[in-house]
Amino acid sequence: MSAPSDPSALSDRQAAVPDRHALVVGASRGLGLVLVDELARRGWRVTATTRRPGGALQASADAGNGRVSVESLEMTSPEQVADLRRRLTGRRLNLLFVNAAIDRGDLPIHEVPTDMFTEVMVTNALSPLRVLEALRDLVPPGGTVAVMSSEQGSVSLNTEGGYELYKASKAALNQLMRSYATRHAGDGHTKLLIDPGHNRTLLGGPDAPLAPEETMPAVADVLEAQAGVPGDLRFLDRHGAVVPW
């Protein structure tokens, strides 16, 4: 488990870089919220989206000395995604990070109702790519486009039973992100899939071995270390190690 970054080293690094802007999509709680706080602590200016105003994200913005701003977004709505793009006109993003996923329980796939299958696939696989396509022009060459994935989406590592729909949705996300990276190979963006590990969140459950407050500083380290390194899509864990496809 990675320890938080050394504060003195962090201060030196912040002083050495110009003002950086990030958009974190899906930040009302859990990993997204902690990532917003961590980026702001490192000196980033962060725009964070939530489906419902108020709550912990707004409290974080209120305490953020102007470094965190909040936008409303239902990611599965193409109309709301288009509205957000219009509101962000003129914005320059060094990091576009999509963090959003749902889980509807541990059913074998033949017992999954069609509407549940559609809901999970639209939320976890289709909608993140719609967001990237709508907002990617705000990211200049040298910027980073990243999506929160999971080891659960690795086909080669799927050797234990359970959570078949969630695993399938993350595998679909990875495959669609691969297609996205191929289609936009020459745009100069760093393209990442991030596996944060199994964290104690509403999605991960109370018995998960990792705490977001420990995990997300490590993820932020990876995002900063990979910035400005365009090329093939990389699927990395919270330590920066490659996750098998």
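Residues numbered from 1 in each chain as written. Predicted model: local features only at pLDDT ≥ 70, side-chain atom pairs only at ≥ 80, totals over all residues. Heavy atoms only, no water.

Visitor: Hey, could you run me through the overall build of the protein in this one?
Guide: A count of helices and strands for the protein gives seven helices and seven strands. Reading the helices (α) and strands (β) of the protein from amino to carboxyl end gives α-β-α-β-α-β-α-β-α-β-α-β-α-β. Excluding contacts between residues fewer than 6 apart, the proportion of contacts in the protein whose partners are at least 24 apart in sequence is 67%. Of the roughly 11300 Å² of accessible surface on the protein, 53% is carried by carbon and sulfur atoms. Charged side chains in the protein number 25 positive and 29 negative. The centres of these two groups are separated by 6 Å. (Helix = DSSP H or I, 4+ residues; strand = E, 2+ residues; numbered from the N terminus. Contact = heavy atoms within 4.5 Å. Areas by Shrake-Rupley, 256 points an atom, 1.4 Å probe, with all protein chains shown as cover. Lys, Arg positive; Asp, Glu negative; His and termini not counted. Charge placed at Lys NZ, Arg CZ, Asp CG, Glu CD.)

Visitor: Would you mind going over the layout of surface pockets with me for this structure?
Guide: Leftover empty space is mapped by rolling, across the atoms, a probe with the size of a water molecule. Within this model, the largest pocket holds a volume of roughly 1400 Å³. As for the largest pocket, its lining consists of 47 residues, of which Ala101, Ile102, Tyr166, Leu203 and Gly204 are closest to the centre. For the lining of the largest pocket, the secondary structure elements donating two or more residues are helix H2 (30-41), strand S2 (45-50), helix H5 (114-135) and helix H6 (164-183). Residue composition of the lining of the largest pocket, by class: 15 nonpolar, 21 polar and eleven charged. (1 Å grid on protein atoms, 1.4 Å probe; cavity = no way out; pocket = protein on both sides within 12 Å on 5 of 7 lines; lining within 4 Å. Points joined across faces, edges and corners; volume = space filled by probe spheres on them. Nonpolar A, V, L, I, M, F, W, Y, C, P; charged D, E, K, R; others polar.)

Visitor: So what exactly am I meant to see when it comes to the pattern of salt bridges here?
Guide: Pairs may arise between side chains of opposite charge once their charged atoms sit close together. Scanning the model with the defined rule gives 15 salt bridges in all. One salt bridge in this structure joins Glu38 and Arg42, with 2.6 Å as the shortest N-O distance. The pair Glu38 / Arg42 is uniform in exposure class, with both members buried. For the salt bridge of Arg85 with Asp137, the shortest nitrogen-to-oxygen distance reads 2.6 Å. (Salt bridge = Lys/Arg side-chain N within 4 Å of Asp/Glu carboxyl O. Buried < 20%, exposed > 50% of the residue type's maximum accessible area, 1.4 Å probe, protein only.)

Visitor: Sorry, what's going on with empty space enclosed by the protein here?
Guide: For the structure shown, the criterion picks out one cavity of 30 Å³ or more. Of the volumes computed, that of the largest cavity is approximately 40 Å³. Forming the walls of the largest cavity are Trp44, Asn94, Leu95, Thr144, Leu223, Glu224 and Ala227. For the lining of the largest cavity, a count of residues per class yields four nonpolar, two polar and one charged.

Visitor: When you look at the packing of H2 against helix H3 (residues 55-62) in this model, what are you seeing that I'm missing?
Guide: Geometrically, a packed helix pair is captured by the angle between its two axes and the distance between the axes. Contact pair H2 / H3: the axes reach a minimum separation of 10 Å and the direction vectors enclose 5°. Compared by their axis directions, H2 and H3 come out roughly parallel. Residues Leu33, Val36 and Asp37 of H2 form the contact with H3, whose participating residues are Ala56, Leu57 and Ser60. Of the residues that constitute the contact of H2 with H3, the class distribution is four nonpolar, one polar and one charged. (Axes fitted to C-alpha atoms, helices over the stretch in contact; angles between N-to-C directions. Parallel < 35°, antiparallel > 145°, perpendicular 65-115°, else oblique.)

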